[in-house]
There are 2 protein chains.
Amino acid sequence: MAAKLSPQIDERALSRALSDFERAVGKDAVFTSAVDQASYSDLYAPADSTTHQPSAAVTPRSLEELQAVMRIANEQGVPLWTVSRGKNLGYGGAAPVLSGSVVLDLSRMNRILDVDPRQAACLIEPGVGFYDLYNHLQEQEIPLWMSLPSQAWGSVVGNALDRGAGYTPYGEHASQICGMEVVLPTGEVVRTGAGAMNNSRTWQNFRNGFGPGWDQMFCQSNFGVVSKMGLWLMPAPEAVLTLKYDFQKPEDIIWGVDVLAELRLRRILDSHVTIGTPIRVASLFSQRKEWYDGDGAIPDDIVQKMMEKYNIGFWNFSIRLFGHPAMLRQQAELIKAAFAPHSKQEFVETWWHQGEPVPKFAVHVPTVFFLNVTNWHGGRGGHTDFSPIMPLDGKQIYEQYLRTRQRYDEFGIDFYSGFTLAERYATNVNMVIYDRDNKDMTDRARKLFRALIDDSHRAGYGAYRTHIDYMDAIAQTYDFNNHALLRLNERVKDLLDPNGILSPGKSGIWPRRFREEKR
Amino acid sequence: MAAKLSPQIDERALSRALSDFERAVGKDAVFTSAVDQASYSDLYAPADSTTHQPSAAVTPRSLEELQAVMRIANEQGVPLWTVSRGKNLGYGGAAPVLSGSVVLDLSRMNRILDVDPRQAACLIEPGVGFYDLYNHLQEQEIPLWMSLPSQAWGSVVGNALDRGAGYTPYGEHASQICGMEVVLPTGEVVRTGAGAMNNSRTWQNFRNGFGPGWDQMFCQSNFGVVSKMGLWLMPAPEAVLTLKYDFQKPEDIIWGVDVLAELRLRRILDSHVTIGTPIRVASLFSQRKEWYDGDGAIPDDIVQKMMEKYNIGFWNFSIRLFGHPAMLRQQAELIKAAFAPHSKQEFVETWWHQGEPVPKFAVHVPTVFFLNVTNWHGGRGGHTDFSPIMPLDGKQIYEQYLRTRQRYDEFGIDFYSGFTLAERYATNVNMVIYDRDNKDMTDRARKLFRALIDDSHRAGYGAYRTHIDYMDAIAQTYDFNNHALLRLNERVKDLLDPNGILSPGKSGIWPRRFREEKR
């Protein structure tokens, strides 16, 4: 037992729980060694970090084993920390908020229970990875496409529950959820939406069923463990048209966002567009030392060199259109017409048609290429992201860029930012890349992060998702009526999880027994 | 005090509550006379019905008054029944499930707090009617369109909360909700989503905020009173193209639904399509006696005469496309191409372009024309609807038609049915029209309704919404794991509403104090 337990966790109770877990799910499904603990920890944490250490992991293979694990956790009062596959390294990987929690790793519950090509939906368990589902669709020749996050080794269910985003018209992943099976902290199994009927034929068709809608309550929460999820998939399009574009000057984003926002609202554009800075490109294909070896943030003239080398602008993006080629041609004409009054620059068009070989970096094919960013500084790299949500408003977005840029400079961190434009909001992903073993750098990264939270809060923008280290800090920014929503969440938490065993601290929601101490 | 109180309601406590209400919100905001009780009752109920009688109504004008009303209801243990405007007559109007409840009528909280043309969203109070919002948009020349139910004298908020449907791409009204302000039964005010931040600038932009998503929990529920709602509106389209079509034979719906379903999934069609039978048309423009005066359901040869007179098929529908004319032309070509292999029949095309006069029955202009259906039998008409949800599958839909048709014949009620096709489900609206004063007819209508519930349940289809009389019956059909979802809802109900004062029985959810007695 190398891991440092939080003072709230009783070592003997933990020990009993681990023995009981072994009896319930087998020795090969309980992981307790120092190596195990390390592999379930925050792999991007600064080297000297001692927070968020798991004491063990348990990996049930079935609903019944999952229920047994939760029963034991209740009996012994041992906190579990649920992960689907635990691969979201930028937000803490598999590591728990509360040190000493046992990671409840669902990666062995990985059955693809149903894929319905006609209704374009699937029913899957949380351990199913994007690669698994992709391979299944390929092998079975099912003409459906997934929407993927840029880094795709994680869980389909986990990503949707954490409100991940992709680049197809199905890119708001939590919005594609249709019906769940959930094990409540006390062990009872509930099915949501139309699945609440025994022989339901519409579980994956109709989200709501009858009465209150629960699906979104199990997203980013610790109210239950999702054991099955219905998810909508996109019929394979006849064609994809990619329109590549860049804005040369930082301030071009003002008109650019406004034009893109209007196109999206008019339903001419129907998928997310991510606008990123040059380091976003450079960090995928090179290391920092190839450009600059000075301290502090990379200066403007180096950024200019990146733009020249890759032949890109200050802001770079691709619009992607999916569907019948005749529709896409029409959409492309309207998009060009909307850009024409602002710039003579032309879009670079790339077509793909069904039957043609799938190009590299197609948005529906899983890749882990984006892991490259962590090599930016060399050494043992890591990153974490601060992602506030903003209105689709060019002026506000430009001001956010200026404010954020200044903070990166102030703390000497290379500016790496992007805006993912959805239907009515932009997600401003600010990536903070560091070398885990460079204490000075990780200290500055942490200070930068805190400054970004405060700045955004002052400006009225809240983060939608965050690293385990900042869950309380972000939850505290949601301060309307003395944090009324958080208090409501905690009342529900205490109702559903009276022993406080499930993912304490997730999204800043603490069960009663830890609450006072943690504030 | 003419109304018959449920035995659970204490007459003296009610009396004290009414006095306290008068002190808190003024005598002119509390309605207690027999005429008041009648006007808040179920206006389509059979004449001899004594269930669902309100004892009074109270109409707060502000958040503070609303909180005061709820405080008093808690003090006196008097149940309130929330309605926004109480105009959904087919489902019970303003009447409460539990007789003796005081109707909490929010129609005086009717401020349009914000309409943002660029973000295409509004923030409104529950008393705002579709006519109010329409007039506001017209007067302010704001280029946004609402999505409307066919009968539009009700509340915008109330309709969305009850998961109403319209005929634009924004036709799934509950899905357009973005952020709420809610008064919990204990009086505390919570804002959901991004609105949980004090100075939030994205309350109407981003649905989820951080952590569990609550908006859908306040739909069709009695967990709180929605005092403000954010709702997305559609930018006024450049054009509307209506494609009228009919299927001559009942069995044509098999291929018809399958073709429409595929078009919808391919995003060539992007709004709801309602397919209806001839009586649906006849009941708008004529009375039954003009066609037939026999007992029992109208026979096939009469239906044939309706088809001839109105020059329609057995199944009739319009596809509506909204947007840039060049896009609509392209969509129309693809739709025609999809129909061509099945039928030589042509679509009747009607174009509308921005700037042209708005035609009668435009889908974004409120109307109450559809009230005409209740004149079908003459006398004091009424109707109620049974609306199960089905997969978009032609064969299943045809079988549902056959089964339902047979039941209407069995109970001698004129067959009036329609299928509203959404993205992945169809709502099968079965309207049961009757003369309130014809006891034999209302008895048969009731028996038909029960039979339809049972048939659909056996087939695996659940209703998404229902009349106050059938809320328990529908809730009981959601029977997975011994009604686990309902039991979960009731646990949350008891947590949030410890005195059981808010809309007892809504969606079959009863607070503890009434639960045993009501089962």
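This text goes with the structure placed above it.
What counts, and where the lines are drawn
Residues numbered from 1 in each chain as written. Chains lettered and ligands numbered in written order. Predicted model: local features only at pLDDT ≥ 70, side-chain atom pairs only at ≥ 80, totals over all residues. Heavy atoms only, no water. Helix = DSSP H or I, 4+ residues; strand = E, 2+ residues; numbered from the N terminus. Rg over C-alpha atoms; globule rule 2.2 N^0.38 Å. Contact = heavy atoms within 4.5 Å. Areas by Shrake-Rupley, 256 points an atom, 1.4 Å probe, with all protein chains shown as cover. Buried area = accessible area lost by both parts, 1.4 Å probe. Salt bridge = Lys/Arg side-chain N within 4 Å of Asp/Glu carboxyl O. Polar contact = N/O pair within 3.5 Å; in protein donor to acceptor, adjacent residues only side chain to side chain. Nonpolar A, V, L, I, M, F, W, Y, C, P; charged D, E, K, R; others polar. Pairing = 2+ DSSP bridges. Least-squares fit on C-alpha atoms with pLDDT ≥ 70 in both. Buried < 20%, exposed > 50% of the residue type's maximum accessible area, 1.4 Å probe, protein only. Axes fitted to C-alpha atoms, helices over the stretch in contact; angles between N-to-C directions.

To continue, consider the overall build of chain A. Across its full length, chain A carries 14 helices and 19 strands. Relative to its length of 519 residues, chain A is compact, with a C-alpha radius of gyration of 23 Å against a globular reference of 24 Å. In terms of overall dimensions, chain A has C-alpha extents of about 70 × 55 × 45 Å along its principal axes. Considering only residue pairs separated by 6 or more positions, chain A has 73% of its internal contacts joining residues 24 or more positions apart. Here chain A has roughly 18,400 Å² of accessible surface; of this, 48% comes from carbon and sulfur atoms.

All right, on to the interface of chain A and chain B then. Contacts between the two partners involve 99 residues from chain A, matched on the other side by 99 residues from chain B. Each partner contributes to the roughly 8,600 Å² buried at the junction of chain A and chain B, and carbon and sulfur atoms together form 58% of this total. Among the residues of chain A in contact with chain B, A:Phe210, A:Arg424 and A:Phe480 are the three that bury the most area, contributing 11% of the side total. For the interface between chain A and chain B, the tally reads twelve salt bridges. At the junction of chain A and chain B, the tally comes to 52 residue pairs in polar contact (both at pLDDT 80 or more). The greatest single-element share of the side of chain A that touches chain B, amounting to eleven residues, is contributed by helix H13 (residues 480–496) of chain A. Of the residues contributing to the side of chain A that touches chain B, the split by class is 46 nonpolar, 33 polar and 20 charged.

As a further point, take the sheet that holds strand E1 (residues 30–31) of chain B. All names here are of chain B. Ordered in space as E1-E2-E4-E3, the four strands form an open sheet in which the pairing is mixed. Looking at strand neighbours, the two that pair on one side only are E1 and strand E3 (80–83), the edges of this open sheet. Where strand E2 (residues 56–58) and strand E4 (residues 102–105) come together, three bridges link them in parallel fashion. Bridge assignment links Ala-57 to a residue of E4, and that residue is Val-103.

Least-squares fitting of chain A to chain B yields an RMSD of 0.0 Å, with the superposition described by an axial translation of 0.0 Å and a rotation of 180°. Such a combination of rotation and displacement between the chain copies is what one expects of a two-fold axis. In this assembly, 100% of the residues forming the interface of chain A have copies in chain B that are likewise at the interface, indicating an isologous arrangement.

Pairing of side chains with opposite charge becomes possible as their charged atoms draw close. The full count for this structure, using the stated rule, is 72 salt bridges over all chains. In this structure, the salt-bridge partner of B:Arg458 is B:Asp455, at a minimum N-O distance of 3.1 Å. Of this pair, B:Arg458 and B:Asp455 both sit in helix H11 (residues 439–459), three residues apart, roughly one helical turn. The exposure class of B:Asp455 is buried, given its relative accessible area of 9%. Ionic contacts of the salt-bridge type, sharing partners, join the residues A:Arg407, A:Glu410, A:Asp455 and A:Arg458 into one network.

Here the focus is the sheet that holds strand E6 (residues 121–124) of chain A. All names here are of chain A. Read across the sheet, five strands follow the order E5-E6-E10-E8-E9 without closing on themselves; strand pairing throughout is antiparallel. Looking along the sheet, the strands with just one partner apiece sit at the ends: strand E5 (112–116) and strand E9 (189–191). Mean inter-strand twist for the sheet, computed between neighbouring axes without regard to direction, equals 10°. Across four bridges, the pairing between E5 and E6 is antiparallel. By the bridge assignment for E6, Asp-114 is matched with Leu-123. Of the strands in this sheet, strand E8 (177–183), E9 and strand E10 (225–232) are in contact with helix H3 (residues 63–76), which crosses E8 at around 55°. The strands that helix H4 (residues 130–139) touches are E5 and E6; relative to E5, the one it contacts most, it runs at about 50°.

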